[in-house]
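So the chains spell out like this:
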Amino acid sequence: MKLARAIHFDESDTRVFHNPARTGEWCISGGFEFSNWSEADLTGKARQAFTNGWLGCETFGRATFVAVTQIEPSEIEALADRLAQHFVDIYGAPSAEVARNVALEELSQMTDLCEEHDANTLLTVARELTETGVRETYRMIEAQAAALEQFAIHGDLDDPQH
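Every value quoted in this text rests on a predicted model; they were computed, and no experiment measured them. (Residues numbered from 1 in each chain as written. Predicted model: local features only at pLDDT ≥ 70, side-chain atom pairs only at ≥ 80, totals over all residues. Heavy atoms only, no water.)

Caption draft 1: Structural context of unusual backbone geometry. With phi around 60°, F60 is a residue other than glycine that occupies positive phi space. The topology assignment puts F60 in the loop between β3 (54–56) and β4 (62–63). Even without a glycine there, the phi angle at N120 is positive, about 75°. In this structure, N120 sits in the loop between α4 (96–115) and β6 (122–130). (Helix = DSSP H or I, 4+ residues; strand = E, 2+ residues; numbered from the N terminus.)

Caption draft 2: Structural detail: the side chain of T64. Mapped onto the elements of the fold, T64 is located in the loop between β4 and β5 (65–70). A polar side-chain atom of T64 sits 2.6 Å from a polar atom in the side chain of D13. Ignoring sequence-local partners within four residues, the contact set of T64 consists of D13, F17, N52, W54, L123 and T124. (Polar contact = N/O pair within 3.5 Å; in protein donor to acceptor, adjacent residues only side chain to side chain. Contact = heavy atoms within 4.5 Å.)

Caption draft 3: Up close: the pattern of salt bridges. Applying the stated criterion to the full structure yields 7 salt bridges. The partner of R47 in a salt bridge is E39, with the nearest N and O atoms 3.8 Å apart. Two residues, R127 and E136, come together in a salt bridge whose shortest N-O distance is 2.7 Å. (Salt bridge = Lys/Arg side-chain N within 4 Å of Asp/Glu carboxyl O.)

Caption draft 4: Representation of the environment of R82 in the model. Relative to the elements of secondary structure, R82 occurs in helix α3 (residues 73–91). Ignoring anything within four residues of it in the chain, the contact list for R82 reads C57, E58 and F60. Within the structure, R82 has its side chain in polar contact with the backbone oxygen of E58 (distance 2.5 Å).

Caption draft 5: Representation of the side chain of T124 in the model. Mapped onto the fold, T124 is located in strand β6. Dropping the residues within four chain positions of it, T124 is found in contact with W54, T64, F65, T137, Y138 and R139.

Caption draft 6: Broad picture of the state of the cysteines. Evaluated as defined, the whole model comprises 0 disulfides. C57 supplies the cysteine sulfur nearest to C27, a cysteine that is in no disulfide, at a spacing of 6.5 Å. Unpaired in this structure, C114 has its nearest cysteine sulfur neighbour in C27, at a distance of 9.7 Å. (Disulfide = S-S within 2.5 Å.)

This is the structure:
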């Protein structure tokens with residue numbers, strides 16, 4: 001089974017999101033957060049989170065990039081519990097038990113998205129408001145195998161100048 005973890009290439013997420021996700025935390029789309037939004041809600045850092053932020057399942061912060069990786073079923077179960085509690089605390093779900101099915105559905109959508117990709121494939125999300133709600137599209141950036149020449153240092157071990 002595969003899911004995706006937040007990945008950062010620089011510090012930009014700390015500047016563009018109100019609450020950036022922690023590097024390495026498991027992420028889902030998190031588009032549900034924007035289900036009742038309108039154009040008036042899309043300003044500043046909130047717009048950035050809407051436009052292309054994945055939702056971290058630990059900090060509930062946002063990340064621009066995620067990387068596909070293996071996840072254990074027990075980890076999915078723990079994430080479902082955490083996400084269900086988030087639905088209770090933030091969105092007013094009547095109980096974690098009731099919210100757990102929705103949490104599992106969110107996680108299932110993300111595992112389905114990740115399953116067809118190799119480990120370390122990068123994913124981005126793009127959202128837009130439409131007349132029927134929020135539309136999400138995904139972009140995949142395949143991991144590139146580095147050539148040995150990129151890491152090799154050429155020289156002569158017997159020559160102290162090299």
